[in-house]
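Single-letter residue listing:
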Amino acid sequence: MAPRALIAGNWKMNMDRVSSEVLASALAQNVGSVAVDLAVCPPSVYLSPVSVVLGSSGVALGGQDCHTAQNGAHTGDVSPEMLADLGCTYVIVGHSERRTDHGESDADIRAKTTAALAAGLRAIVCVGESLAQREAGETLAVIAAQLAGSVPDADPAALVVAYEPIWAIGTGKVPTTGQIGEVHAFMRAQLRDRFGEGADAIRLLYGGSVKGANAAEIFAVNDVDGALVGGASLTAADFLPIVAALDAA
Ligand code: 13P
């Protein structure tokens, strides 16, 4: 059976306290009875106020990154236990912006994912090729290496994988549905090789310039179990139509 779809908003390093609370409130009041899982991932400093606003609305909370350790001398970092303590259900790990800005390796991401799951969080592990890699015909090899390196042997139900082609993030450029379908089918096959039928419980999200206008056709692609949304998750007016498209898919 296909897993329940998930849509997560990655706010990245955007918003302020008040706008975070206003957006969380709008989502909490307007998601109604959608049959999909919904999460928002605010900057870590706004997790607490957003958590209060979300309350028992059913909108889940996620972090954007975590450390591998439970606590200790790691100035500026946040542990998965701290995220769980604030009410987080999810944490994004290995986003391409962390791979680039902070030099995170597949091994780092695997260790973070293991730590996140140990803290009871669900990990959204990000993979995706650069434009140069796609143009060189290396996309599937890159994805295979990232999956093998970044995804630990773990309970598949606690794992989410997001395919985010780097060239599609924040650019307005979206792969064709054929390109998305090719990568998602490949990821499912790779994960089945490792996890057997349990791989079918792993939600495979697409991320990269998802908007209300293109959401329906993306969600119609096989093995797309939802989306990780950046820019269009920053206002309810942009985000709710994407949620509605997934709910209708
Ligand atoms: P955009 O939706 O802004 O392209 O960002 C995608 C992303 O990086 C989500 O993690």
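Going by the structure above, here's the rest.
Here the structure is a predicted model, which is why all the values come from computation and not from measurement.

About the cut-offs
Residues numbered from 1 in each chain as written. Predicted model: local features only at pLDDT ≥ 70, side-chain atom pairs only at ≥ 80, totals over all residues. Heavy atoms only, no water. Near = heavy atom within 4 Å. Polar contact = N/O pair within 3.5 Å; in protein donor to acceptor, adjacent residues only side chain to side chain. Nonpolar A, V, L, I, M, F, W, Y, C, P; charged D, E, K, R; others polar. Pairing = 2+ DSSP bridges. Helix = DSSP H or I, 4+ residues; strand = E, 2+ residues; numbered from the N terminus. Axes fitted to C-alpha atoms, helices over the stretch in contact; angles between N-to-C directions. Contact = heavy atoms within 4.5 Å. 1 Å grid on protein atoms, 1.4 Å probe; cavity = no way out; pocket = protein on both sides within 12 Å on 5 of 7 lines; lining within 4 Å. Points joined across faces, edges and corners; volume = space filled by probe spheres on them. Buried < 20%, exposed > 50% of the residue type's maximum accessible area, 1.4 Å probe, protein only. Right-handed = clockwise from strand over helix to strand, strands pointing away. Salt bridge = Lys/Arg side-chain N within 4 Å of Asp/Glu carboxyl O.

Undergrad: Describe the site of the ligand, and please don't skip the residues or the numbers.
TA: Around the ligand, the surrounding shell holds 13 residues, and the nearest of these are K12, H95, G170, S209 and G231. A distance of 2.8 Å is found between an oxygen atom of the ligand and a side-chain nitrogen or oxygen belonging to H95. Within the backbone of G231, a nitrogen or oxygen atom sits 2.8 Å from an oxygen atom of the ligand. Classifying every residue of the shell around the ligand gives four nonpolar, seven polar and two charged.

Undergrad: Before we move on, could you go through the sheet that holds strand β5 (residues 122–127) and cite the residues and values that matter?
TA: Spatially, the eight strands close up into a barrel ordered β1-β2-β3-β4-β5-β6-β7-β8, and their pairing is parallel. Taken pair by pair, the neighbouring strands of this sheet meet at an average axis angle of 25 degrees, ignoring direction. Pairing geometry for strand β4 (residues 88–93) and β5, over four bridges, is parallel. Bridge assignment links I92 to a residue of β5, and that residue is I124. Seen against the sheet, helix α8 (residues 177–195) touches β5, β6 (159–163) and β7 (203–207) and runs at an angle of roughly 150 degrees to β7.

Undergrad: Can you lay out the layout of surface pockets for me, pointing to particular residues and giving the numbers?
TA: In this structure, the largest pocket encloses a volume near 520 Å³. Forming the boundary of the largest pocket are 20 residues, of which K12, Q64, D65, R98 and H102 lie nearest the centre. For the lining of the largest pocket, the residue count by class is seven nonpolar, seven polar and six charged.

Undergrad: Give a description of the pairing of β6 that names residues and reports values.
TA: In regular strands, side chains alternate between the two faces of the sheet. When you tally the buried positions in β6, you get five out of five residues, the bulk of the element. Taking every second residue as pointing to the same face, both faces of β6 are buried, with L159, V161 and Y163 on one and V160 and A162 on the other. Across five bridges, β5 lies against β6 in parallel orientation. By the bridge assignment, V125 is partnered in β6 with V161. Judged from the four bridges that link them, β6 and β7 form a sheet pairing that is parallel. What sits directly across from A162, in β7, is L205. Note that the unit made of β6, α8 and β7 has a crossover that is right-handed.

Undergrad: Account for the pattern of salt bridges, with residues named and values stated.
TA: Enumeration according to the criterion identifies 14 salt bridges in this entry. For D37, the salt bridge goes to R4, with nearest N and O atoms at 2.6 Å. In this pair, D37 is assigned in strand β2 (residues 37–41) and R4 in the segment before β1 (6–10), connecting sequence segments 33 residues apart. On the basis of relative accessibility, which here comes to 44%, the residue R4 falls in the partly exposed class. Ionic pairing is found between D225 and R188, a salt bridge with its closest N-O pair at 2.7 Å. Placement of D225 in the loop between α9 (212–219) and β8 (226–229) and of R188 in helix α8 is noted, with a sequence separation of 37 residues between them. For the pair D225 and R188, a shared accessibility class is recorded, and that class is buried. When salt bridges with common partners are traced through the structure, they connect D65, R98, E104 and K112 into a single cluster.

As far as function goes, none of this settles anything; it's purely spatial.
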